[in-house]
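# Chains, contacts and geometry: an overview
Chain by chain, the residues:
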Amino acid sequence: MAMVEVPQTTSYPPLEEKKPLEEPPPVIITPCDPWPRPYFLENGLRRVAPYHFTYNTYCKERWRGRELLDIFSSEFRDRPLEYYKDAIERGAVTVNGKPVPTTQHIVKNGDVISHTLHRHEPPVTALPISVLHEDEDMIVINKPSGVPVHPAGRYNYNSVVEIMRAERGHAWNPLPCNRLDRLTSGVMFIAKHAKAAEDLSQQITQRTVRKEYIARVKGEFPDGEVICDMPILQISPKLGLNRVRANGKSARTVFKKLAYYPPTAGSEPGKPAAGAEEGYSVVRCLPVTGRTHQLRVHLQFLGHPIANDPIYCNRRVWGANLGANDADASQDTDEDIITRLSRMGKSEVADAVAYHDEMVDEYNKKKAEKMSGELCDICQTPLYTDPGEQELSLWLHSLRYEDAGGSWSYRSPLPAWALPPAGIEGPTEVGGMEDLVEAVKDENPEIA
């Protein structure tokens with residue numbers, strides 16, 4: 001077939017620009033994926049400059065048949081109701097890519113809800129993510145406390161996977177193999193490829209991997225190996241709140257006291273120590289199962305909660321006994337606990353950080369992240385102050401992971417809060433796991 005040149009003519013008149021295009025207002029700038037990430041370090045914190053972002057999520061089962069504004073007001077607590085109402089009305093919130101005519105729009109199964117906003121991430125510690133071991137398959141890191149593993153909630157770039165991606169290149173895809181809560185520090189495995197992640201995850205699922213944690217708890221913990229077999233139930237998905245319940249999922253933990261320090265130990269001038277009136281213990285923890293908040297809930301039930309735990313060591317939520325030995329909710333009902341915790345908003349003390357001692361309570365009120373009273377110049381979002389120390393640290397540390405067969409083992413140093421206070425003798429190292437494993441090897445031979 002012969003090729004024939006087509007004349008480049010048209011009957012349409014040339015386009016004329018009637019008036020210059022105007023820049024759109026900042027609140028509707030197209031969401032982007034800034035690179036390099038907008039990090040900056042200041043006052044010991046890693047900060048992220050605000051940026052535009054679109055959240056996309058499928059309708060959850062519990063959202064079906066509910067009004068759109070009701071979902072936002074009950075499920076998302078970081079902004080006031082008035083903000084979500086305005087966002088829906090001006091089209092910043094869409095359903096299946098389209099604005100909705102009313103805030104009472106009913107959400108259905110299969111709907112995709114999108115929310116475009118000017119995103120303000122909370123700062124996290126500026127401590128680096130140190131590498132304990134690295135080979136062609138896996139990176140073993142020592143996660144700092146206060147940094148979430150994955151982007152979630154108000155956190156996106158201030159997460160382990162995104163910080164590591166920023167250090168190693170945009171195309172690098174970190175694959176976390178074990179889970180640690182945001183406030184928990186310690187050993188984590190980051191696979192470099194899917195096969196390595198699958199192999200380790202399978203070992204963890206089969207319970208052939210031993211895990212040891214270190215916790216600093218209120219009071220003098222009992223001597224010897226202490227086994228807690230109490231089941232755990234999530235009583236509030238919204239708050240992520242768990243509690244010992246007979247109808248919960250089976251859970252087992254072995255505890256052993258490493259050291260006890262009396263009331264005068266560890267206090268700093270001008271800073272009240274959590275649990276100062278009864279001293280504290282450093283406790284070794286072997287979780288045989290892996291329920292959410294398992295160690296925190298079991299220690300609370302035993303009467304020795306983690307001494308700076310903002311949720312499970314909070315008398316304004318749990319009462320005088322802090323939830324100890326209350327498996328049947330005879331002291332406080334689930335509804336009472338949920339209601340009290342829900343009232344502990346950012347305007348009072350962030351993350352419900354409070355202790356029974358009024359002096360400690362007042363100290364943490366001054367130090368906690370809370371509403372600053374200022375608004376963002378671009379999106380008018382209420383701004384928070386910097387988080388307090390208790391929002392960046394939990395005295396719970398993932399100390400060691402090892403293969404039950406002895407083929408590999410990785411351990412981090414003890415955190416500073418687990419070492420003896422200045423001028424007081426105490427252990428600075430932890431021995432092997434033989435005693436902890438021995439306590440449950442007959443019923444759990446897979447970890448022996």
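Model, not experiment: these values are computed from the prediction.

Rules of the game
- Residues numbered from 1 in each chain as written.
- Predicted model: local features only at pLDDT ≥ 70, side-chain atom pairs only at ≥ 80, totals over all residues.
- Heavy atoms only, no water.
- pLDDT = per-residue confidence, 0-100.
- Helix = DSSP H or I, 4+ residues; strand = E, 2+ residues; numbered from the N terminus.
- Contact = heavy atoms within 4.5 Å.
- Core = buried A, V, L, I, M, F, W, Y, C linked by side-chain atoms within 4.5 Å.
- Buried < 20%, exposed > 50% of the residue type's maximum accessible area, 1.4 Å probe, protein only.
- Pairing = 2+ DSSP bridges.
- Axes fitted to C-alpha atoms, helices over the stretch in contact; angles between N-to-C directions.
- Phe/Tyr/Trp six-rings, centres within 6.5 Å; stacked < 30°, edge-to-face > 60°.
- Lys NZ or Arg CZ within 6 Å of the ring centre and 35° of its normal.
- Arc of directions from axis to C-beta.

### Considering the confidence of the model for the chain
- When the pLDDT values of the chain are averaged, the result is 85; 84% of them are 70 or greater.
- Confidence scores differ between elements of the chain, with helix α8 (residues 358-367) showing the lowest mean pLDDT of 40 and strand β8 (residues 138-143) the highest of 98.
- Per-residue pLDDT stays below 50 along residues 18-30; that stretch engages in six contacts with residues further than four places along the chain or on separate chains.
- Below a pLDDT of 50 lies the segment residues 346-367, which in the model reaches 63 contacts outside its immediate sequence neighbourhood of four places, other chains included.

### Regarding the nonpolar core
- Of all hydrophobic cores here, the largest spans 71 residues; its most connected members are Phe-189, Leu-241 and Phe-255.
- When near neighbours in sequence (up to four residues on either side) are disregarded, Phe-189 contacts Met-138, Ile-139, Val-140, Leu-175, Pro-176, Cys-177, Asn-178, Leu-200, Tyr-401, Trp-408 and Tyr-410.
- Judged by nonpolar contacts, the second largest core, of 17 residues, contains Trp-63, Leu-69, Tyr-84 and Ile-113.

### Section: the sheet that holds strand β5 (residues 112-119)
- In spatial order, the strands read β3-β5-β4; together these three strands make up an open sheet with antiparallel pairing. Each of the sheet's edge strands pairs with one partner strand only, and the pair in question is β3 (51-58) and β4 (93-95). Each strand of the sheet is rotated relative to its neighbour by a mean of 15 degrees, with strand direction disregarded.
- Taken together, the three bridges between β4 and β5 define a ladder with antiparallel strand orientation. Residue Val-95 lies in a different strand from β5, and its bridge partner there is Ile-113.
- Seen against the sheet, helix α2 (residues 81-89) touches β4 and β5 and runs at an angle of roughly 115 degrees to β5.

### Describing the packing of aromatic side chains
- Applying the stated criterion across every chain, the model contains 14 aromatic pairs.
- An angle of 40 degrees between the planes, with centres 5.2 Å apart, marks the rings of Phe-72 and Tyr-84 as tilted. You can see Phe-72 sitting in helix α1 (residues 68-75) and its partner Tyr-84 sitting in helix α2, a full twelve residues away along the chain. When sorted by exposure, Phe-72 lands in the same class as Tyr-84, which is buried.
- Each member of the aromatic cluster is reached from another via a ring pair, and the members are Trp-63, Phe-72, Phe-76, Tyr-83 and Tyr-84.
- Here the guanidinium or amino end of Arg-216 rests over the ring plane of Tyr-280, the centre of that ring lying 3.7 Å away.

### Section: helix α7 (residues 334-343)
- Asp-334, Ile-337 and Leu-341 are the residues of α7 that are buried. Down the axis of α7, the buried side of the element spans an arc of 65 degrees, and every buried residue falls inside it. Exposed and oriented more than 90 degrees from the buried face of α7 are Glu-335 and Arg-343.
- Those residues of α7 that are buried lie in contact with β13 (232-236), β14 (241-244) and α6 (315-318).

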